[in-house]
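# Coordinate inspection notes
Next come the chains, spelled out residue by residue.
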Amino acid sequence: MTLFDDGTVSLSTVEDRVQCELALPDDEDGYQYNYLSDPEWKLTESTLTIRDGQWFLHLGFRKPSPAPECSTAENGTVLGVDLGIEHLAVTSTGRFFSGSSLQHERDQYEELQRRLQKTGTRSAYQTHRQVSRRLRRFAIDRLHRVANGILDEARRYDCSTIAFEELTGIVDRLPNQTVFDSWAFRRLVSYVEYKATVHGIDVILVDPRNTSRMCSRTDCAHVDSANRSTRDTFQCQECGYEVHADYNAAKNIGLRAVRCGHTSSHRTGISQCALKSGTIAPEKGFVPHSPGQTE
Ligand SMILES: [Zn+2]
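The following refers to the structure shown. Everything quoted here is computed from the prediction, not taken from an experiment.

### Details of the overall build of the protein chain
Along the backbone of the protein chain there are 6 helices and 15 strands. Expected size for 295 residues packed as a compact globule is a radius of gyration near 19 Å; at 21 Å, the protein chain falls within 12% of this value. Here the protein chain holds 295 residues, and the buried ones make up 41% of them. The contacts of the protein chain with a sequence gap of at least 6 include a subset with a gap of at least 24, amounting to 56%. In the structure as shown, the protein chain presents an accessible area of about 16600 Å², 48% of it carried by carbon and sulfur atoms.

Next comes the structure, spelled out in structure tokens:
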């Protein structure tokens with residue numbers, strides 16, 4: 001695949017080269033255009049899919065590792081973020097972003113889609129297109145708001161890094177997620193990645209193993225599937241720590257980024273994870289922002 005400056009792309013297929021124009025949204029929000037025009041973002045793994053007889057090319061962009069001066073903060077703080085369906089995002093500082101409005105729109109869309117597929121008429125097809133555009137616009141707006149909220153939270157707590165788990169982890173954890181859900185997760189992470197660079201904040205993806213089953217108390221760290229007594233509740237079978245399950249996962253994601261910072265050669269800047277009332281680190285444990293505050 002070759003991407004040209006004039007907004008066309010050339011694809012090499014088994015038979016021939018196919019030249020296409022990029023279809024960027026009319027109601028541009030600056031997001032796609034920024035990737036194309038900003039020389040710091042490089043084209044990376046992209047996917048070609050077919051849906052209802054139409055081909056879609058999704059271009060991936062990645063910014064090569066930041067220059068050393070961007071990541072030399074010796075006392076950097078990380079914001080851990082857990083993604084999900086009931087809550088689109090939960091931060092280690094205890095901010096919850098509800099996913100219910102997006103779920104509601106998606107359910108309505110799917111119900112209409114089922115009804116229209118039975119009809120199969122031309123006008124049904126057009127209605128379907130209109131409704132799917134509406135869902136897309138709604139989702140993009142909601143995801144931008146959540147991404148902005150995550151950025152606000154990172155800046156408020158003076159974080160140098162935002163950590164998510166690798167998206168394969170969410171696929172394993174939420175096996176019933178739809179194509180739409182995984183599209184939304186990818187989109188949310190890329191919005192945060194893009195917005196974060198403006199503020200000089202790094203975004204990293206950490207190993208997703210056991211983030212929802214492990215106790216986030218640093219002096220415990222007990223891993224047990226029984227720790228997750230219900231979907232929402234985390235209750236440690238070892239130390240009795242009880243907390244919202246998504247919040248526990250967000251802390252674990254942040255803590256994992258701190259641990260990575262100590263072992264990896266190019267990320268040495270993160271030394272603690274931001275919580276609402278203080279910070280937490282593997283060796284130091286909980287350190288309150290002001291004396292007397294509890295975790
Ligand atoms: Zn525990």
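Still to come is the rest of the account.
### Remarks on the pattern of salt bridges
Where side chains of opposite charge bring their charged atoms close, a pairing between them can arise. One pass over the full model with this rule turns up 11 salt bridges. Between Glu 110 and Arg 106 there is a salt bridge whose closest N-O contact spans 4.0 Å. Of the two residues, Glu 110 and Arg 106 are both situated in helix H2 (residues 100–119); the distance of 4 residues between them amounts to about one turn of the helix. Judged by relative accessible area, Glu 110 falls into the partly exposed class, the value being 24%. Residue classification places Arg 106 among the buried residues on the basis of a relative accessible area of 10%. A salt bridge links Arg 231 to Asp 232, with the shortest nitrogen-to-oxygen separation between them at 3.9 Å. Residues joined in a network through salt bridges with shared partners are Arg 106, Asp 107, Glu 110 and Asp 181.

### Topic: empty space enclosed by the protein
Enumeration according to the criterion identifies 1 cavity of 30 Å³ or more in this entry. For the largest cavity, the calculated volume is near 80 Å³. If you go around the largest cavity, the residues you meet are Gly 84, Ile 85, Leu 88, Gly 99, Leu 102, Gln 103, Arg 106, Phe 180, Asp 181, Ala 184 and Phe 185. For the lining of the largest cavity, the secondary-structure elements that each account for two or more residues are H2 and helix H5 (179–198). Top element by residues in the lining of the largest cavity is H5. It accounts for 4 residues.

### Notes on the pairing of strand E4 (residues 42–51)
Bridge analysis of E4 against strand E5 (residues 54–62) gives 8 bridges, and the strand direction is antiparallel. By the bridge assignment for E5, Thr 44 is matched with Gly 60. Between E4 and E5, which pair antiparallel in sequence order, lie 2 residues; one of them, Asp 52, sits at a positive phi of approximately 50°.

### Overview of the coordination of the zinc ion
The coordination sphere of the zinc ion, as far as protein atoms go, consists of Cys 215 (SG), Cys 220 (SG), Cys 236 (SG) and Cys 239 (SG), spread over 2.3 to 2.4 Å. Between the 4 donor atoms coordinating the zinc ion, the angles at the centre fall across 106 to 112°, so the site counts as tetrahedral. Positions of the donor residues of the zinc ion, expressed as sequence spacing, correspond to C-x4-C-x15-C-x2-C. Exposure remark for Cys 239: the relative accessible area of 38% places this residue in the partly exposed category.

### Looking at the environment of Ala 250
Take Ala 250: it is sitting in helix H6 (residues 245–263). It is 34 Å that separates the C-alpha atoms of Ala 250 and Leu 24, two residues lying 226 residues apart in sequence. Discounting chain neighbours no more than four positions away, the residues touching Ala 250 are Gly 80, Val 81, Asp 82, Val 90, Thr 91 and Ser 92.

### Observations regarding the packing of aromatic side chains
The full count for this structure, using the stated rule, is 1 aromatic pair. We note Arg 51 situated over the ring of Phe 56; from NZ or CZ to the ring centre the distance is 4.4 Å.

### Some details on H5
Over its 20 residues, H5 runs 30 Å from end to end, which matches the ideal 28 Å to within 8%, given 1.5 Å per residue. H5 sits mainly inside the fold: 15 of its 20 residues count as buried. Downstream of H5 by one or two residues, Gly 200 has phi in the positive range, about 70°.

Conventions used here
- Residues numbered from 1 in each chain as written.
- Predicted model: local features only at pLDDT ≥ 70, side-chain atom pairs only at ≥ 80, totals over all residues.
- Heavy atoms only, no water.
- Helix = DSSP H or I, 4+ residues; strand = E, 2+ residues; numbered from the N terminus.
- Rg over C-alpha atoms; globule rule 2.2 N^0.38 Å.
- Buried < 20%, exposed > 50% of the residue type's maximum accessible area, 1.4 Å probe, protein only.
- Contact = heavy atoms within 4.5 Å.
- Areas by Shrake-Rupley, 256 points an atom, 1.4 Å probe, with all protein chains shown as cover.
- Salt bridge = Lys/Arg side-chain N within 4 Å of Asp/Glu carboxyl O.
- 1 Å grid on protein atoms, 1.4 Å probe; cavity = no way out; pocket = protein on both sides within 12 Å on 5 of 7 lines; lining within 4 Å.
- Points joined across faces, edges and corners; volume = space filled by probe spheres on them.
- Pairing = 2+ DSSP bridges.
- Donors = N, O, S within 2.8 Å, 3.2 Å for Na, K, Ca; no water.
- Tetrahedral: all angles 85-135°; square planar, octahedral: opposite > 155°, others 65-115°.
- Phe/Tyr/Trp six-rings, centres within 6.5 Å; stacked < 30°, edge-to-face > 60°.
- Lys NZ or Arg CZ within 6 Å of the ring centre and 35° of its normal.
- Expected span 1.5 Å × (residues − 1).

Geometric values such as these leave the question of function open.
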